[in-house]
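Tertiary structure, described
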Amino acid sequence: MLTFMASDSEEEVCDERTSLMSAESPTSRSCQEGRPGPEDGENTAQWRSQDSDEDCEEDPDRYACSGVPGRPPGLEEELTLKYGAKHVIMLFVPVTLCMIVVVATIKSVRFYTEKNGQLIYTPFTEDTPSVGQRLLNSVLNTLIMISVIVVMTIFLVVLYKYRCYKFIHGWLIMSSLMLLFLFTYIYLGEVLKTYNVAMDYPTLFLAVWNFGAVGMVCIHWKGPLVLQQGYLIMISALMALVFIKYLPEWSAWVILGAISVYDLVAVLCPKGPLRMLVETAQERNEPIFPALIYSSAMVWTVGMAKLDPSSQEALQLPYDPEMEEDSYDGFGEPSYPEAFEAPLSGYPGEELEGEEERGVKLGLGDFIFYSVLVGKAAAAANGDWNTTLACFIAILIGLCLTLLLLAVFKKALPALPISITFGLIFYFSTDNLVRPFMDTLASHQLYI
Amino acid sequence: MTAAVFFGCAFIAFGPALALYIFTIATDPLRVIFLIAGAFFWLVSLLLSSVFWYLVRVITDNRDGPIQKYLLIFGVLLSVCIQELFRLAYYKLLKKASEGLKSINPEETAPSMRLLAYVSGLGFGIMSGVFSFVNTLSDSLGPGTVGIHGDSPQFFLNSAFMTLVIILLHVFWGIVFFDGCEKKKWYVLLIVLLTHLLVSTQTFLSPYYGANLVSAYIIMVFMGIWAFFVAGGSCRSLKLCLLCQDKDFLLYNQRSR
């Protein structure tokens, strides 16, 4: 799920603006200072930064009413392009880091490539004598897995709609506890085993406890942005490793394909659960389940006025990127691979002193499935790095294209379909066609 | 095959490309995106050439013998042609994107064509080098003795140097190629294609590395000089730069401090 992040302050003002947000056309926006206009198009506000406000000051005649026809048409696109590339890189880096962690682990730690049973969500085995049977079993596994995911998502959306926040928070806390403590403990154990390093229990306890406790605090409450991002990347990587270990071969590929279709449907269809979730959150002017989302930048606004311009409040919250945990309750996760636009809390056109960074948000489900794809490519490809690299580049290009579409459409978009499609195409074609070619060339030391 | 071989060969092959990336590309997000897009285009060209090679192999029923060698030669030549074709395709795409950006926004925010030429060349080069060499590199970490059956013991070194020259050549080819396309000098495209074919076919001389590597490096030096002049350099500017008298460069550095 890809979204543009406006400001994520905790005390977001819920007022009449927000209900107009989704209906607002993206191009209308008022730039008049001191006028917290309700008709401001918040969607474009994300693009705004200090630059545009400075522009307003420098050339007030030109930019007096930006939302109004007097505004030069190129301004919005210029800002779009200026910030588009930066946003793309802000997402490339964490996605790359997550994939690097997963690939490094897969290539070095044997545990995650050994077959030690399957999840209950994929009950059919793939050790069948015939190819047709195997294919059938993997399709059945996929159906079960996807229906679990759909049920969980709908359950979550229903809970959210009926404002059962405590239940949701409890669920999220439980699952992040499990990820941060149990899976980390297992991971650490396996890494130590691989490198034959002995660690006594007290040290282990200390390390895991500190890691987990700081993670819980960072993800659910407040913490430095970089630390939050790091923890989210870690838990996505851990989750992806679990999937890679416990999903059988063919089921994993079919599941990847199916989940990108589901993502497309859930985000774009009017009655799709994820879309309803996004719209409900936007109506209530709340951030969507902070912690299911990786946020690439914080918003830190100093001296941002609230409802009345006369009382210039001082510091707003330094960071609140709303990073809570991800709701990966075990494996039946509502993956939130979708894009959305968070509501803007500040008033555009007010004097925004201090730094304000606009960012993009990407759901943790996307991280997980990208890493599953690349990890599977690394695990399955007989020590071949070309396949892994090809999948990596394909996923990055898919993400780039998705962000381009996000810039064009400016609404919630699914981040999985394009990347996973490219990734799958490149995996199968590189593994079967390119690898023999490159191997033959390399063995004769020929260069193309 | 030790860690020394691994790191040594890795840095020989990828050191200059990494340095170029860190100092010129990593600072600007737009350039990174164009680099990755260039790498993607090269990847697609490789995919296409593998498909053709595979089809031809299937058609000839996978018989062993000299036919495999001819098929391989054919595959290499075809692959080079397809790579240059995709370079042209990338040029056309960038041109369209550039024009689109210009029409949307008349002020110059998009990178210039020369810069895109360099970035795309580097993208092609990095991807090409990585795909050629990374499997060999990862094998060099494992156990074994090079050349135990009478092959050359300089296998890794040769591959590393060859990878380096290919990466640099792609950068220069990119610059020269795009310039030729911009100024409609079609003979430049032909020259690039021919030199690429020359370098690739020379690698058939393995394991007689001497002639192979030396001529590849000579070609690289020539292409480098040509690319330097095409990109706007001159003897005078080179002298100024080397003697640290280049006012523009010094002022620019001071400004950014």
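Residue numbers restart at each chain and count upward from 1, following the sequence in its written direction. Working convention: letters from A go to chains and numbers from 1 go to ligands, in the order in which they are written. With the structure being a predicted model, the display of local features is reserved for residues of pLDDT at least 70 and the display and counting of side-chain atom pairs for 80 or more, all residues being used for whole-chain, interface and lining totals. For side-chain calculations, the full set of non-hydrogen atoms in the structure is used, while hydrogens and water are omitted.

1. A look at the overall build of chain A
Only runs of H or I of at least four residues qualify as helices and only runs of E of at least two qualify as strands under DSSP, and these elements are numbered from the N terminus. When helices and strands are tallied, chain A shows 14 helices and 3 strands. Evaluated residue by residue, chain A yields a buried proportion of 58% over its 448 residues. In what follows, a contact means two residues having at least one pair of non-hydrogen atoms within 4.5 Å. Considering only residue pairs separated by 6 or more positions, chain A has 80% of its internal contacts joining residues 24 or more positions apart. In this scheme, a residue with accessible area under 20% of its type's maximum is buried, one over 50% is exposed, and one in between is partly exposed, where area comes from a 1.4 Å probe on protein chains only.

2. Here's the deal with the overall build of chain B
On a plain count of helices and strands, chain B comes out with 9 helices and 0 strands. Relative to the compact-globule value of 18 Å for 257 residues, chain B shows a C-alpha radius of gyration of 20 Å, a close match. Structurally, chain B occupies a C-alpha span of about 60 × 40 × 30 Å along its principal axes. Counting across all 257 residues of chain B, residues that qualify as buried make up 46%. Taking as baseline every contact in chain B between residues at least 6 positions apart, the subset at least 24 positions apart corresponds to 77%. The Shrake-Rupley method, run with a 1.4 Å probe, gives the accessible areas here. Residue values count only the displayed protein chains as cover. Carbon and sulfur atoms provide 71% of the accessible area of chain B, an area that totals close to 13,300 Å². In this tally, Asp and Glu contribute negative charge and Lys and Arg positive charge; neither His nor the terminal groups of the chain are included. For the purpose of locating charges, the reference atoms are NZ of Lys, CZ of Arg, CG of Asp and CD of Glu. With 18 positive and 13 negative side-chain charges, chain B shows a separation of 8 Å between the mean positions of the two kinds. Radius of gyration: C-alpha atoms only; globule rule: 2.2 Å multiplied by the number of residues to the exponent 0.38.

3. Here's the deal with the nonpolar core
Counting residues in hydrophobic clusters, the biggest one holds 167 residues, and the most contacted among them are A:Leu2, A:Tyr370, A:Ile393 and B:Phe131. Non-local contacts of A:Ile393, meaning those with residues more than four positions away in its chain, are made with B:Ile36, B:Ala39, B:Phe40, B:Leu43 and B:Met127. Remark: nonpolar core denotes a set of buried residues (Ala, Val, Leu, Ile, Met, Phe, Trp, Tyr, Cys) joined through side-chain atoms within 4.5 Å. The next biggest cluster of nonpolar side chains, apart from the first, holds 13 residues, and it includes B:Cys9, B:Ala10, B:Phe133 and B:Leu137.

4. Some remarks on the packing of aromatic side chains
Two aromatic rings from Phe, Tyr or Trp, using only the six-membered ring of Trp, form a pair when their centres are within 6.5 Å; if the ring planes differ by under 30 degrees the pair is stacked, by over 60 it is edge-to-face, and anything between is tilted. Per the counting criterion, the structure on display carries 25 aromatic pairs over all chains. Judged by centre distance (5.8 Å) and plane angle (65°), the rings of B:Trp42 and B:Phe131 are edge-to-face. Within this pair, whereas B:Trp42 is found in helix α2 (residues 29–59), its partner B:Phe131 is found in helix α4 (residues 113–140), the two being separated by 89 residues in sequence. For the residue pair B:Trp42 and B:Phe131, the accessibility class agrees, reading buried in each case. Feature note: the residues B:Phe41, B:Phe86, B:Tyr90 and B:Phe124 constitute an aromatic cluster, connected by ring pairs. Either the NZ atom of lysine or the CZ atom of arginine qualifies as a charge over a ring when it sits within 6 Å of the ring centre and within 35 degrees of the ring normal. Taking the ring centre of A:Tyr160 as reference, the NZ or CZ of A:Arg284 above it sits at 4.8 Å.

5. A word on unusual backbone geometry
Backbone geometry at A:Arg163 places phi at a positive 55°, although glycine is not the residue there. When you line up the elements, A:Arg163 lands in the loop between α6 (131–161) and α7 (165–194). One non-glycine residue, B:Lys184, lies in the positive phi region at around 60°. With respect to the secondary-structure elements, B:Lys184 resides in the loop between α5 (155–182) and α6 (186–202).

6. Side note on the interface of chain A and chain B
Each partner contributes to the interface: chain A provides 38 residues, whereas chain B provides 46 residues. Roughly 3,700 Å² is buried in total at the junction of chain A and chain B, and carbon and sulfur atoms are behind 76% of that figure. A pair is scored as a salt bridge if a Lys or Arg side-chain nitrogen falls within 4 Å of a carboxyl oxygen belonging to Asp or Glu. Applying the counting rule to chain A against chain B returns 0 salt bridges. Side-chain atoms alone can form a polar contact between residues adjacent in sequence; in general such a contact is a pair of N or O atoms within 3.5 Å, and within protein one must be able to donate a hydrogen while the other accepts it. At the junction of chain A and chain B, the tally comes to 7 residue pairs in polar contact (both at pLDDT 80 or more). Counting only elements with at least two residues in the side of chain A that touches chain B, the list comes to α5 (74–108), α13 (385–409) and α14 (416–443) of chain A. Buried area is understood as the total, over both parts, of accessible area removed when two parts are fitted together, assessed with a 1.4 Å probe.

7. A look at helix α11 (residues 273–283) of chain A
Residues A:Pro273, A:Leu274, A:Leu277, A:Val278, A:Thr280, A:Ala281 and A:Gln282 constitute the buried set of α11(A). With its phi angle positive at about 55°, A:Asn285 sits one or two positions after the end of α11(A).

8. Quick notes on the pairing of strand β3 (residues 359–363) of chain A
All names here are of chain A. Where burial is concerned, most of β3 is hidden: 5 out of the 5 residues are buried. Side-chain alternation along β3 places Gly359, Lys361 and Gly363 on one buried face and Val360 and Leu362 on a second face that is also buried. As defined by bridge partners, strand β2 (residues 293–295) adjoins β3 across 3 bridges and the pair is classed as antiparallel. Counterpart to Ile293 in the pairing with β3 is Gly363. Should DSSP find at least two bridges between two strands, the strands are taken to pair.

9. A word on the packing of α6(A) against helix α10 (residues 249–268) of chain A
A pair of packed helices is captured by two measures, namely the crossing angle of their axes and the spacing between those axes. All names here are of chain A. For helices, the axis comes from a line fit to the C-alpha atoms of the stretch in contact; other axes are also lines fit to C-alpha atoms, and the angle between any two N-to-C directions lies between 0 and 180 degrees. The interhelical angle for the contact between α6 and α10, taken along N-to-C directions, is 40°, at an axis separation of 8 Å. When the axes of α6 and α10 are compared, the pair comes out oblique. Two packed elements cross with a definite hand, and for α6 against α10 that hand is right-handed. Residues Val131, Arg134, Leu135, Ser138, Asn141, Thr142, Met145, Ile146, Ile149, Val150 and Thr153 of α6 pack against Glu249, Trp250, Ser251, Val254, Ile255, Ala258, Ile259 and Tyr262 of α10. Under the scheme applied here, ten amino acids are nonpolar (Ala, Val, Leu, Ile, Met, Phe, Trp, Tyr, Cys and Pro), four are charged (Asp, Glu, Lys and Arg), and all others, including Gly, are polar. Tallied by class, residues from the contact of α6 with α10 come to 12 nonpolar, 5 polar and 2 charged. The labels follow the angle: roughly parallel below 35 degrees, roughly antiparallel above 145, roughly perpendicular from 65 to 115, and oblique for the rest. The crossing is said to be left-handed when, going from far helix to near helix, the turn is anticlockwise and less than a right angle, and right-handed when the turn is clockwise.

10. Remarks on the packing of α5(B) against α6(B)
Residue and element names in this part refer to chain B. Where α5 meets α6, the closest approach of the two axes is 8 Å, and the angle between their N-to-C directions is 165°. With respect to α6, the axis of α5 lies roughly antiparallel. Note on packing geometry: the crossing formed by α5 with α6 is left-handed. Mapping the contact onto sequence places Met162, Ile166, Leu169, His170, Trp173, Val176, Phe177, Gly180 and Cys181 in α5 and Trp186, Val188, Leu189, Val192, Thr195, His196 and Val199 in α6. Taken together, the residues of the contact of α5 with α6 sort by class into 12 nonpolar, 4 polar and no charged.

11. Things to note about the UniProt feature "transmembrane region" (unreviewed entry) in chain B
UniProt positions are given in the numbering used here, feature names are shortened, and annotations may be inferred rather than shown by experiment. If you check UniProt for "transmembrane region" (unreviewed entry), the listed places come out as residues 6–25, 32–55, 70–94, 115–135, 155–179, 186–205 and 211–231 of chain B in our numbering. End C-alpha atoms of residues 32–55 of chain B are separated by 35 Å, and the span's content is 100% helix alongside 0% strand.

12. Concerning the UniProt feature "transmembrane region" (unreviewed entry) in chain A
All names here are of chain A. Using the residue numbers shown here, the UniProt feature "transmembrane region" (unreviewed entry) corresponds to residues 88–106, 139–160, 167–189, 201–219, 226–244, 250–269, 389–409 and 415–434. Helix makes up 100% of residues 139–160 and strand 0%, and the two end C-alpha atoms of the span are 31 Å apart. The span residues 415–434 carries 95% helix and 0% strand; its end-to-end C-alpha distance comes to 27 Å.

13. Regarding the state of the cysteines
All names here are of chain B. Two cysteine sulfurs form a disulfide in these notes if their separation is within 2.5 Å. On inspection of all chains with the given rule, the structure shows 0 disulfides over all chains. Here Cys235 is not cross-linked by a disulfide; its sulfur's nearest cysteine counterpart is in Cys241, at 13 Å. Given a relative accessible area of 58%, Cys235 falls into the exposed group.

14. Let's talk about the environment of A:Pro417
All names here are of chain A. Assignment of secondary structure puts Pro417 in helix α14. Residue class for Pro417 comes out buried when judged on its relative accessible area of 11%. In the structure, Pro417 is positioned 191 residues away from Val226 in sequence and 28 Å away in space, judged by C-alpha atoms.

15. Structural notes on α4(B)
It helps to recall that an α-helix has 3.6 residues per turn; residues three or four apart then point in one direction. Residues and elements named next belong to chain B. One fewer than the residue count of a helix, multiplied by 1.5 Å, yields its expected span. Over its 28 residues, α4 runs 39 Å from end to end, which matches the ideal 40 Å to within 8%, given 1.5 Å per residue. The largest bend in α4 is about 40°, located at Phe133. Buried residues dominate α4, accounting for 23 of its 28 residues. One fitted axis covers the seven residues ending at a residue, a second covers the seven starting there, and the bend at that residue is the angle between these axes.

16. What to know about the pattern of salt bridges
All names here are of chain A. This model, assessed by the stated rule, comprises 8 salt bridges over all chains. Here Lys193 and Glu190 are joined by a salt bridge, their closest N and O atoms 3.2 Å apart. Pair noted here: Lys193 and Glu190 are both in helix α7, with a separation of 3 residues, about one helical turn. A residue is classified by how much of its surface remains accessible, and Lys193, at 59% relative accessible area, is exposed. With its nearest N and O atoms 3.0 Å apart, the salt bridge here joins Asp431 to Arg435. Taken together, the residues span about one helical turn, with Asp431 and Arg435 both in helix α14 at a distance of 4 residues. Taken as a pair, Asp431 and Arg435 share a single burial class, namely buried.

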